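Given next are the chains, with one letter for each unit.
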Amino acid sequence: MSESHSQKFPFENGYGHFEDNGWSYRITDHRTPRPWTNVVSNGLAGFIVSQNGGGYSWRENAQLNRITRWEQDLIKDEWGKFLYIRDRESRSFWSAAWKPVCKEPEQYSVKHGIGYTTIDSKNEGITSDWTMFVPRKDAIELWLVTLTNRTDRPRSLQLFTYFEWNLGAAPDWHREFHRTFIKTAYDASLKSIIATKRLWEVPSDKAHWNRSWEYVAFHSCSEQPASFDADKESFMGLYRSEVNPIAVEQGRTGEQSGDWLDAVASLNVNVELKPGESKTLVFAVGAGKNSAEVKKLIGQFVNVEHAQAALTDVKEMWREMLTRFQAKTPDAAMNTILNPWLQYQAIAGRLWGRTGYYQTGGAFGFRDQLQDSQIFLPIEPQRTAEQLRLHARHQFKDGTVYHWWHPLSEVGHPTEMTDDLLWLPYILGIYLEETGDLALLKSKEPFLDDTRPATMYDHSCRAIDKVLTRMSKRGLPYIGAGDWNDGLSAVGLKWKGESIWLGQFLHRILLDFVLVSKMMKDTSRVKKYTAVAVKLKKDLNKNGWDGKYYYGATKDNGEKIGSAKNTEGKVWLNTQTWAVLADVADAKRAEQVFDVVENDLEGKNGTLLVKPAYATPDSDVGYLTRYAAGMRENGGVYTHAATWSVLAAAKLGRSEAAFRLFSKINPIRLCENPKEYIAEPYVTPGNIEGPDSRFYGKGGWTWYSGSAAWLFKGGVEGILGVKASHNGLLVEPCIPAAWKNYSVQRLFRGATYRITVENPHGVDSGVAGLSVNGKNIPLAGISRSVTLPVAKKGSTVDVTIVLGVS
Ligand code: GLC
């Protein structure tokens, strides 16, 4: 990773551009059409920050354990942790980020990097360089702030930090109630404001309103503050706002702390700068388990050298983790989104932070984070194994699972959604292709309602077997309260409605688990799952077929939806893509349904989830129909599902379609038109509005989207064709014919594979030549794929593949 600013990335869009070989995004116009944020987390602590300086901090759970207050308002973006700078002489002041003072800076730019954000600004001849990050593994957020006097006279400055304490579940909607439990104190020896709360409101918790927040929060500085304030009224002044707090206006804080205040944190530090002089300070925000941890964290990090070393260290951690996989193709937008942004989004945003500006999750979704954990497969599969184990522990012994649960409180939500439980065997099957790790299959985890541990194999079979008890007379699985599509929340509440997609998904898993059962020498299951899969495929093709494509589901009253017979929601995407991915459609039908995807569902920004959108709510379908037409699941591009089109196109060998569908949802491409698209160019959106919306093409719900890990998979496995299999590492290129070559480096079963694919004849697929470590391997003609055998752990395998024509 180069830190040079000269390597400008070509995707300048008027608001910013990529730098550092694509490893950071620099925003040069802070008036981006929505807040463009960074989610920075190490899995224990984290924060989100916008280009304006808006955002919030948390420890472990961004919803139940938020340290600083924030309210969701993407138009004002006025909640954050702020830094004011005041000139003593002129008495004027500004903020280091554009918010909250909103003075026009002389210079301003924001760099969202991998693991950190830097806000650079210049006001009244003073530059401030404010870098925020969390270290590799400790629960502390650090700000490295450097002020430089760019004028030729000495300057006497005052710095005031400012944010509101939340200390627990967010949003803190009833502040007058909550503030009465917060206590603050100033600890001069720690150069810190300390905050505690005697109440932790955890929704559905048994100890409702009767437990303390189990942490000690702190806000510290590396310098001895001149003064402080922990009271909002005294800092801000009654009826004022963050734009002009009285303390900053007058240059002195009230030094209030204790009980009953509207608790905030502000440290005031004086900085004297000679002409040309710079000064660096460190501020920290965090929450320790107890006072001892707080002391330890402050001692360890709140010091300029230590903080600088921690920043270098955390950048190195990310660099090391996210360069284990590398793809180099002729498409710069594809390269940058694959390395490192999709990986970073999936890990920092979805698995560790589990939050975004558009949605604070905090919880683990049973299906969601299992899917996300696929991102670790080519770089650190052990972490996928840990995720699988964690989810297994959130299963009941009857095979059903929590739809989501909150770490820290362990409050969870049992569900009648019918797909959740199946993601455990599905991802486990994929993990086994990656690792061949029989030990995980045999290792044991308890259930939510039974402490006696069972093998991961047993956990998985219980999920499959549970779904097999929920089949209709026509051989299709019941949909219950929804399948993958949460919005189908009322289709089958009476346990009569059926889901075609769930049947396809189940078919895929049965095929995978026939192999897994063989590995476990469980012959009765091999037989059973083989027979069930054969019947299911027949029933899906008979009872799930609409004439030209697979319809979506049946309601409890038997009526079909997602069918040509309907007037709204006539064609659904998932039942077409998964007919291909799950080997349900035979070759002819597979081509036929994918024609439907390309002709009927593909729009300018990828494939729509349903078409046309529902214009009016249908209470027998669910809240999908209640979204405005064209938004989210109701006729928008639901990016997560749109990625499956890339994989299905590639599976059918439709190379141009695969790359086109990938590029259409590559945010770098989407944000070539930022005024229409509005969202960040470096992370995927949850959705893009469809043609039935007034805002066709508008993106939203960035960061907290399950599409990141899947788009990565679509690009790497679908297009570049490199994927793990039980027999070895498969290479099955399905590329634009115009590509001359590309390369992929990844780990597979402990060895590093460096694969170069040459395309001298301008074809889109077909392996004609292979050499491994310089040795030519004779091939019997041209084949769609080659399988590279498992190599010795720790070794490097250099592979050259030549595509050819027969
Ligand atoms: C949301 C949910 C996810 C679901 C998807 C489709 O992204 O988090 O679990 O599959 O919507 O409804």
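To keep things clear, this report deals only with the structure shown in the data block.

Reading guide: rules and limits
Residues numbered from 1 in each chain as written. Predicted model: local features only at pLDDT ≥ 70, side-chain atom pairs only at ≥ 80, totals over all residues. Heavy atoms only, no water. Salt bridge = Lys/Arg side-chain N within 4 Å of Asp/Glu carboxyl O. Helix = DSSP H or I, 4+ residues; strand = E, 2+ residues; numbered from the N terminus. Buried < 20%, exposed > 50% of the residue type's maximum accessible area, 1.4 Å probe, protein only. Phe/Tyr/Trp six-rings, centres within 6.5 Å; stacked < 30°, edge-to-face > 60°. Pairing = 2+ DSSP bridges. Axes fitted to C-alpha atoms, helices over the stretch in contact; angles between N-to-C directions. Contact = heavy atoms within 4.5 Å. Arc of directions from axis to C-beta. Near = heavy atom within 4 Å. Polar contact = N/O pair within 3.5 Å; in protein donor to acceptor, adjacent residues only side chain to side chain. Areas by Shrake-Rupley, 256 points an atom, 1.4 Å probe, with all protein chains shown as cover. Nonpolar A, V, L, I, M, F, W, Y, C, P; charged D, E, K, R; others polar. Parallel < 35°, antiparallel > 145°, perpendicular 65-115°, else oblique. Left-handed = near helix turned anticlockwise from the far one by under 90°. Expected span 1.5 Å × (residues − 1).

Some thoughts on the pattern of salt bridges
Going through the model one piece at a time under the given rule, you end up with 63 salt bridges. The shortest N-O distance in the salt bridge between Glu164 and Lys232 comes to 2.7 Å. Separated by 68 residues along the polypeptide, Glu164 in strand β13 (residues 155-168) and Lys232 in helix α2 (residues 232-236) bring together distant segments of the chain. Accessibility expressed as a relative area gives 2% for Glu164, which makes it buried. Of the charged contacts in the structure, one is a salt bridge between Arg525 and Asp522, with a shortest N-O distance of 3.2 Å. In the salt-bridge network here, residues are joined through shared partners; they are Arg69, Glu71, Glu164, Asp172, Arg175, Lys232 and Asp262.

Side note on the packing of aromatic side chains
On inspection of all chains with the given rule, the structure shows 44 aromatic pairs. Seen in terms of ring centroids, Trp501 and Trp578 are 5.8 Å apart; in terms of plane orientation they differ by 80°. Their pairing is edge-to-face. Of the two residues, Trp501 sits in helix α12 (residues 500-519) while Trp578 sits in helix α14 (residues 574-581), which places them 77 residues apart along the sequence. Note on Trp501: relative accessible area 2%, which makes it buried. Taking the relative accessible area as the measure of exposure, Trp578 reaches 1% and is therefore buried.

Remarks on the sheet that holds strand β9 (residues 107-113)
The strand order across the open sheet built from 10 strands is β1-β2-β9-β10-β11-β12-β19-β16-β15-β14, with neighbouring strands paired in antiparallel fashion. Looking along the sheet, the strands with just one partner apiece sit at the ends: β1 (16-19) and β14 (182-187). In this sheet, adjacent strand axes meet at a mean angle of 15° when their direction is disregarded. Taken together, the nine bridges between strand β12 (residues 140-149) and strand β19 (residues 278-288) define a ladder with antiparallel strand orientation. Opposite Leu142, over in β19, you have Ala284 as the bridge partner. Running over the sheet, helix α5 (residues 304-322) touches β10 (116-123), β11 (126-133), β12 and β19 and is turned about 115° from β12.

Some details on helix α4 (residues 291-301)
Within α4, the full set of buried residues consists of Glu293, Val294, Leu297, Ile298 and Phe301. All buried residues of α4 project into a common sector of 130° when viewed along the axis, lining one side. α4 presents Ala292, Lys295, Lys296 and Gly299 as exposed residues on the side facing more than 90 degrees away from its buried surface. For α4, the secondary structure elements touched by its buried residues are β5 (55-59), β12, β15 (192-197), β16 (216-221), β19 and α5.

Remarks on the site of the ligand
In the vicinity of the ligand, the residues found are Arg367, Asp368, Trp484, Asn485, Asp486, Glu633 and Tyr638. Here an oxygen atom of the ligand sits 2.7 Å away from a polar atom, N or O, in the side chain of Asp368. Coverage of the ligand by the protein chains reaches 88% of its 310 Å² of free accessible surface. For the shell around the ligand, the residue count by class is two nonpolar, one polar and four charged.

Some remarks on the side chain of Ser705
Within the secondary structure, Ser705 sits in the loop between β34 (699-702) and α20 (707-719). The class for Ser705 is buried, based on a relative accessible area of 4%. Polar contacts involving the side chain of Ser705 include one to the side chain of Ser707, which spans 2.4 Å.

Concerning the packing of α14 against helix α16 (residues 639-651)
In the contact formed by α14 and α16, the axes pass within 9 Å of each other and the chain directions differ by 40°. The orientation of α14 with respect to α16, classified from their angle, is oblique. Crossing of α14 over α16 shows left-handed handedness. Two secondary-structure elements touch here, α14 through Asn574, Thr577, Trp578, Val580 and Leu581 and α16 through Ala641, Trp644, Ser645, Leu647, Ala648 and Lys651. Partitioning the contact of α14 with α16 into residue classes produces seven nonpolar, three polar and one charged.

What about the pairing of β14?
Pairing of β14 with β15 involves six bridges; the strand directions are antiparallel. Directly across from Asp187, in β15, lies its bridge partner Ser192. If you look at the hairpin formed by β14 and β15, you'll find four residues sitting between the two strands, and Lys191 has a positive phi there, around 50°.

Observations regarding α16
In a regular helix each residue adds 1.5 Å, so 13 residues correspond to 18 Å; α16 covers 19 Å between its end C-alpha atoms and thus fits that length. The buried fraction of α16 amounts to 12 of the 13 residues, a majority that puts the element mostly inside the structure. Where α16 is concerned, the buried positions are Thr639, His640, Ala641, Ala642, Thr643, Trp644, Ser645, Val646, Leu647, Ala648, Ala649 and Ala650. Directly after α16, the chain includes Gly653, whose backbone phi takes a positive value near 75°.

Considering the environment of Thr32
Along the chain, Thr32 turns up in the loop between β2 (24-27) and β3 (37-41). In sequence terms Thr32 and Gly16 are 16 residues apart; their C-alpha atoms lie 9.0 Å from each other. Among residues more than four places away in sequence, those in contact with Thr32 are Tyr15, Ile27 and Gln51.

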